[in-house]
Amino acid sequence: MRIYCTEDYEAMSRKAAAIMAAQVLAKPDSLLGLATGSTPVGLYRDLAAGCAAGDLDFSQVRTVNLDEYAGLDGTHDQSYRYFMNKNLFDHINIDKANTNVPDGKAADPEAECRRYEALVARLGPIDIQLLGLGRNGHIGFNEPADVFVGPTHVVELTQSTIDANARFFASADEVPKRALTMGVGTIMGAKKILLVVSGADKAQAVKAAFAGPIDPHVPASILQLHPDVVLVGDKAALAALMEVRA
Ligand code: F6R
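None of these values were measured; they are calculated from a predicted model.

A. Here's a closer look at the overall build of the protein. When its secondary structure is counted, the protein shows eight helices and 10 strands. Taking 2.2 N^0.38 as the reference for a compact globule, 246 residues should give roughly 18 Å; the C-alpha atoms of the protein span a radius of gyration of 17 Å, in line with that estimate. Each principal axis of the C-alpha atoms in the protein carries an extent, and together these give about 45 × 40 × 35 Å. Burial statistics for the protein: of 246 residues in total, 54% are counted as buried.

What follows is the structure, encoded as C-alpha coordinates:
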(Lines give C-alpha, C1' and ligand atoms only; values in the text may rest on other atoms or scores of the structure.)
Protein backbone atom coordinates (compact mmCIF):
# COMPACT_ATOMS: atom_id res chain seq x y z
CA MET A 1 0.00 0.00 0.00
CA ARG A 2 1.21 3.48 -0.81
CA ILE A 3 0.39 6.19 1.73
CA TYR A 4 0.44 9.92 1.06
CA CYS A 5 0.13 12.00 4.21
CA THR A 6 -0.75 15.62 3.54
CA GLU A 7 -0.87 18.73 5.67
CA ASP A 8 -4.59 19.35 5.37
CA TYR A 9 -7.81 18.72 3.43
CA GLU A 10 -6.85 20.96 0.50
CA ALA A 11 -3.50 19.21 -0.02
CA MET A 12 -5.24 15.83 0.28
CA SER A 13 -7.73 16.89 -2.41
CA ARG A 14 -4.96 18.06 -4.76
CA LYS A 15 -2.98 14.85 -4.33
CA ALA A 16 -6.01 12.60 -4.87
CA ALA A 17 -7.13 14.66 -7.88
CA ALA A 18 -3.65 14.29 -9.37
CA ILE A 19 -3.91 10.50 -9.06
CA MET A 20 -7.34 10.45 -10.74
CA ALA A 21 -6.09 12.87 -13.41
CA ALA A 22 -3.07 10.65 -14.11
CA GLN A 23 -5.45 7.73 -14.66
CA VAL A 24 -7.56 9.70 -17.16
CA LEU A 25 -4.48 10.98 -18.97
CA ALA A 26 -2.99 7.49 -19.21
CA LYS A 27 -6.28 5.91 -20.33
CA PRO A 28 -8.83 8.40 -21.70
CA ASP A 29 -11.65 5.83 -21.68
CA SER A 30 -11.01 4.76 -18.10
CA LEU A 31 -13.80 3.29 -16.01
CA LEU A 32 -13.72 5.34 -12.83
CA GLY A 33 -15.41 4.08 -9.68
CA LEU A 34 -16.68 7.12 -7.81
CA ALA A 35 -17.85 7.96 -4.29
CA THR A 36 -19.94 10.65 -2.68
CA GLY A 37 -19.69 12.17 0.81
CA SER A 38 -17.86 15.27 1.97
CA THR A 39 -14.33 13.94 1.55
CA PRO A 40 -14.16 13.86 -2.30
CA VAL A 41 -15.78 17.27 -2.84
CA GLY A 42 -12.41 19.07 -3.06
CA LEU A 43 -10.94 16.47 -5.35
CA TYR A 44 -13.95 16.73 -7.69
CA ARG A 45 -13.59 20.51 -7.68
CA ASP A 46 -9.91 20.13 -8.64
CA LEU A 47 -10.75 17.68 -11.44
CA ALA A 48 -13.36 20.12 -12.77
CA ALA A 49 -10.75 22.89 -12.68
CA GLY A 50 -8.36 20.66 -14.65
CA CYS A 51 -11.06 20.12 -17.24
CA ALA A 52 -11.90 23.84 -17.44
CA ALA A 53 -8.22 24.61 -17.95
CA GLY A 54 -8.15 22.17 -20.89
CA ASP A 55 -5.76 19.79 -19.11
CA LEU A 56 -8.24 16.95 -18.68
CA ASP A 57 -10.67 15.43 -21.16
CA PHE A 58 -13.53 13.31 -19.82
CA SER A 59 -15.31 12.84 -23.15
CA GLN A 60 -14.52 9.11 -23.26
CA VAL A 61 -14.53 8.45 -19.52
CA ARG A 62 -17.10 6.09 -18.05
CA THR A 63 -18.09 6.01 -14.39
CA VAL A 64 -19.82 3.75 -11.89
CA ASN A 65 -20.76 5.06 -8.47
CA LEU A 66 -20.53 3.01 -5.33
CA ASP A 67 -23.98 3.45 -3.91
CA GLU A 68 -27.35 5.18 -3.69
CA TYR A 69 -30.03 5.61 -1.06
CA ALA A 70 -33.10 3.42 -1.54
CA GLY A 71 -36.22 5.49 -2.14
CA LEU A 72 -34.58 8.65 -3.50
CA ASP A 73 -34.67 9.41 -7.19
CA GLY A 74 -31.94 11.31 -8.98
CA THR A 75 -33.70 14.67 -8.66
CA HIS A 76 -33.80 14.53 -4.83
CA ASP A 77 -31.13 16.90 -3.58
CA GLN A 78 -29.78 14.27 -1.17
CA SER A 79 -29.57 11.50 -3.74
CA TYR A 80 -26.11 10.47 -4.78
CA ARG A 81 -26.98 10.97 -8.46
CA TYR A 82 -27.82 14.59 -7.68
CA PHE A 83 -24.59 14.93 -5.68
CA MET A 84 -22.50 13.62 -8.58
CA ASN A 85 -24.14 15.92 -11.10
CA LYS A 86 -23.72 18.94 -8.82
CA ASN A 87 -20.17 18.24 -7.70
CA LEU A 88 -18.62 16.79 -10.83
CA PHE A 89 -20.59 15.78 -13.89
CA ASP A 90 -22.16 19.20 -14.53
CA HIS A 91 -18.67 20.74 -14.56
CA ILE A 92 -16.76 18.39 -16.86
CA ASN A 93 -17.15 17.32 -20.48
CA ILE A 94 -18.41 13.85 -19.63
CA ASP A 95 -21.31 12.25 -21.51
CA LYS A 96 -23.87 11.68 -18.74
CA ALA A 97 -25.01 8.56 -20.60
CA ASN A 98 -21.63 7.12 -19.59
CA THR A 99 -22.21 7.79 -15.88
CA ASN A 100 -23.88 5.18 -13.70
CA VAL A 101 -25.38 5.29 -10.21
CA PRO A 102 -27.62 2.53 -8.79
CA ASP A 103 -31.30 3.43 -9.24
CA GLY A 104 -32.62 4.23 -5.76
CA LYS A 105 -36.19 4.33 -7.07
CA ALA A 106 -36.12 0.87 -8.64
CA ALA A 107 -39.35 -0.98 -7.84
CA ASP A 108 -37.34 -4.10 -7.07
CA PRO A 109 -34.10 -3.02 -5.33
CA GLU A 110 -32.67 -6.57 -5.29
CA ALA A 111 -33.17 -6.85 -9.06
CA GLU A 112 -31.55 -3.42 -9.47
CA CYS A 113 -28.53 -4.67 -7.50
CA ARG A 114 -28.22 -7.66 -9.83
CA ARG A 115 -28.51 -5.35 -12.86
CA TYR A 116 -25.84 -3.03 -11.45
CA GLU A 117 -23.45 -5.87 -10.63
CA ALA A 118 -23.79 -7.17 -14.20
CA LEU A 119 -23.26 -3.64 -15.54
CA VAL A 120 -20.02 -3.21 -13.59
CA ALA A 121 -18.87 -6.62 -14.82
CA ARG A 122 -19.70 -5.69 -18.43
CA LEU A 123 -18.05 -2.26 -18.32
CA GLY A 124 -15.21 -3.35 -16.06
CA PRO A 125 -12.85 -3.96 -14.60
CA ILE A 126 -12.93 -0.63 -12.82
CA ASP A 127 -9.58 1.07 -13.46
CA ILE A 128 -9.57 3.04 -10.22
CA GLN A 129 -12.12 2.97 -7.42
CA LEU A 130 -12.33 6.05 -5.25
CA LEU A 131 -13.46 5.39 -1.68
CA GLY A 132 -14.16 7.42 1.42
CA LEU A 133 -14.18 5.81 4.85
CA GLY A 134 -17.00 5.80 7.38
CA ARG A 135 -16.18 6.49 11.01
CA ASN A 136 -17.34 2.93 11.68
CA GLY A 137 -14.97 1.58 9.01
CA HIS A 138 -17.57 1.25 6.24
CA ILE A 139 -16.72 1.50 2.54
CA GLY A 140 -19.53 2.27 0.16
CA PHE A 141 -22.47 1.31 2.36
CA ASN A 142 -20.85 -1.93 3.46
CA GLU A 143 -21.56 -1.57 7.14
CA PRO A 144 -19.89 -3.51 9.98
CA ALA A 145 -21.38 -7.01 9.95
CA ASP A 146 -20.58 -10.62 10.75
CA VAL A 147 -19.69 -11.42 7.16
CA PHE A 148 -18.35 -9.59 4.12
CA VAL A 149 -20.94 -9.37 1.33
CA GLY A 150 -19.39 -9.71 -2.13
CA PRO A 151 -21.77 -8.38 -4.80
CA THR A 152 -23.92 -5.25 -5.06
CA HIS A 153 -26.70 -5.58 -2.50
CA VAL A 154 -29.34 -3.82 -0.44
CA VAL A 155 -28.23 -2.80 3.08
CA GLU A 156 -29.95 -1.59 6.20
CA LEU A 157 -27.95 1.44 7.33
CA THR A 158 -26.60 1.43 10.88
CA GLN A 159 -27.70 4.07 13.36
CA SER A 160 -24.17 5.53 13.32
CA THR A 161 -24.34 6.06 9.55
CA ILE A 162 -27.87 7.48 9.75
CA ASP A 163 -26.68 9.90 12.46
CA ALA A 164 -23.57 10.85 10.47
CA ASN A 165 -25.70 11.59 7.38
CA ALA A 166 -28.49 13.37 9.26
CA ARG A 167 -26.60 16.65 8.79
CA PHE A 168 -27.65 16.62 5.15
CA PHE A 169 -31.36 16.16 5.89
CA ALA A 170 -33.89 18.27 7.77
CA SER A 171 -33.90 15.61 10.51
CA ALA A 172 -32.54 12.11 11.22
CA ASP A 173 -36.07 10.78 10.53
CA GLU A 174 -35.74 11.81 6.89
CA VAL A 175 -32.51 9.87 6.28
CA PRO A 176 -33.32 6.78 4.23
CA LYS A 177 -32.85 3.58 6.23
CA ARG A 178 -31.73 1.45 3.30
CA ALA A 179 -29.27 1.79 0.46
CA LEU A 180 -27.98 -0.05 -2.59
CA THR A 181 -24.23 -0.54 -2.54
CA MET A 182 -21.46 -2.27 -4.41
CA GLY A 183 -20.29 -5.14 -2.25
CA VAL A 184 -16.74 -5.65 -1.08
CA GLY A 185 -16.26 -8.11 -3.95
CA THR A 186 -17.31 -5.49 -6.51
CA ILE A 187 -14.93 -3.00 -4.90
CA MET A 188 -12.04 -5.45 -4.60
CA GLY A 189 -12.42 -6.23 -8.32
CA ALA A 190 -11.11 -2.74 -9.15
CA LYS A 191 -7.56 -2.67 -10.50
CA LYS A 192 -6.62 0.16 -8.17
CA ILE A 193 -8.17 1.61 -5.01
CA LEU A 194 -7.82 5.26 -4.01
CA LEU A 195 -8.98 5.82 -0.43
CA VAL A 196 -9.30 9.42 0.75
CA VAL A 197 -9.60 10.39 4.42
CA SER A 198 -9.60 13.69 6.23
CA GLY A 199 -9.98 14.83 9.81
CA ALA A 200 -9.28 13.49 13.28
CA ASP A 201 -12.66 11.78 13.48
CA LYS A 202 -11.44 9.24 10.88
CA ALA A 203 -8.16 8.43 12.66
CA GLN A 204 -9.38 5.40 14.61
CA ALA A 205 -11.17 3.93 11.59
CA VAL A 206 -8.00 4.30 9.47
CA LYS A 207 -5.95 2.57 12.16
CA ALA A 208 -8.48 -0.25 12.58
CA ALA A 209 -8.65 -0.76 8.81
CA PHE A 210 -4.93 -0.99 8.15
CA ALA A 211 -3.28 -1.93 11.44
CA GLY A 212 -5.89 -4.36 12.75
CA PRO A 213 -7.12 -7.80 11.70
CA ILE A 214 -9.15 -8.31 8.50
CA ASP A 215 -12.61 -8.34 10.02
CA PRO A 216 -16.09 -7.71 8.54
CA HIS A 217 -16.79 -5.56 11.60
CA VAL A 218 -14.29 -3.15 10.01
CA PRO A 219 -15.30 -3.50 6.34
CA ALA A 220 -12.37 -1.41 5.02
CA SER A 221 -9.93 -3.93 6.53
CA ILE A 222 -10.57 -6.13 3.45
CA LEU A 223 -8.49 -3.60 1.52
CA GLN A 224 -5.39 -5.09 3.17
CA LEU A 225 -5.83 -7.92 0.66
CA HIS A 226 -5.93 -5.64 -2.40
CA PRO A 227 -2.66 -5.49 -4.35
CA ASP A 228 -2.85 -1.80 -5.30
CA VAL A 229 -4.22 0.56 -2.66
CA VAL A 230 -3.27 4.23 -2.44
CA LEU A 231 -4.30 5.91 0.81
CA VAL A 232 -4.32 9.71 0.69
CA GLY A 233 -5.09 11.37 3.97
CA ASP A 234 -4.36 14.49 5.90
CA LYS A 235 -2.17 14.18 8.96
CA ALA A 236 -5.12 14.38 11.36
CA ALA A 237 -6.77 11.34 9.74
CA LEU A 238 -3.53 9.37 9.46
CA ALA A 239 -2.12 10.21 12.92
CA ALA A 240 -3.13 7.00 14.72
CA LEU A 241 -2.03 4.74 11.83
CA MET A 242 1.33 6.52 11.54
CA GLU A 243 1.90 6.04 15.27
CA VAL A 244 1.54 2.26 14.99
CA ARG A 245 3.65 2.07 11.83
CA ALA A 246 6.46 4.27 13.27
C1 F6R B 1 -20.17 7.49 -0.32
C2 F6R B 1 -19.88 6.32 0.48
C3 F6R B 1 -19.50 6.38 1.91
C4 F6R B 1 -18.60 7.56 2.27
C5 F6R B 1 -18.25 7.54 3.76
C6 F6R B 1 -17.43 8.74 4.17
O7 F6R B 1 -20.49 7.13 -1.65
O8 F6R B 1 -20.00 5.29 -0.06
O9 F6R B 1 -18.83 5.17 2.24
O10 F6R B 1 -17.44 7.50 1.51
O11 F6R B 1 -19.43 7.51 4.52
O12 F6R B 1 -18.21 9.89 4.02
P13 F6R B 1 -17.62 11.35 4.23
O14 F6R B 1 -16.63 11.57 3.13
O15 F6R B 1 -18.81 12.27 4.15
O16 F6R B 1 -16.97 11.35 5.57
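B. A look at the packing of aromatic side chains. A full pass over the atoms with the stated rule returns four aromatic pairs. Geometrically, the ring pair formed by Tyr-69 and Phe-141 is tilted, given 5.7 Å between the ring centres and 40° between the ring planes. Taken together, the residues Tyr-69 in strand β4 (residues 67-69) and Phe-141 in the loop between β6 (128-131) and β7 (153-156) connect sequence positions 72 residues apart. Across this residue pair, the class does not change: Tyr-69 and Phe-141 are buried. Relative to Phe-169, the ring of Tyr-69 has its centre 5.8 Å away and its plane inclined at 80°; by these criteria the two rings are edge-to-face. Note that Tyr-69 is positioned in strand β4 and Phe-169 in the loop between α5 (159-165) and β8 (178-181), a separation of 100 residues in sequence. Residue class for Tyr-69 comes out buried when judged on its relative accessible area of 1%. Take Phe-169: its relative accessible area is 10%, and that puts it in the buried class.

C. Local environment of the packing of helix α1 (residues 9-26) against helix α2 (residues 41-52). Relative to each other, α1 and α2 sit at 55°, their axes nearing to 8 Å. Here α2 runs oblique to α1, going by the angle between their axes. Viewed along their axes, α1 and α2 form a crossing whose handedness is right-handed. Contacts from Tyr-9, Glu-10, Ser-13, Arg-14, Ala-16, Ala-17, Met-20 and Ala-21 in α1 reach Val-41, Gly-42, Leu-43, Arg-45, Asp-46 and Leu-47 in α2.

Rules used throughout
Residues numbered from 1 in each chain as written. Predicted model: local features only at pLDDT ≥ 70, side-chain atom pairs only at ≥ 80, totals over all residues. Heavy atoms only, no water. Helix = DSSP H or I, 4+ residues; strand = E, 2+ residues; numbered from the N terminus. Rg over C-alpha atoms; globule rule 2.2 N^0.38 Å. Buried < 20%, exposed > 50% of the residue type's maximum accessible area, 1.4 Å probe, protein only. Phe/Tyr/Trp six-rings, centres within 6.5 Å; stacked < 30°, edge-to-face > 60°. Axes fitted to C-alpha atoms, helices over the stretch in contact; angles between N-to-C directions. Parallel < 35°, antiparallel > 145°, perpendicular 65-115°, else oblique. Left-handed = near helix turned anticlockwise from the far one by under 90°. Contact = heavy atoms within 4.5 Å.

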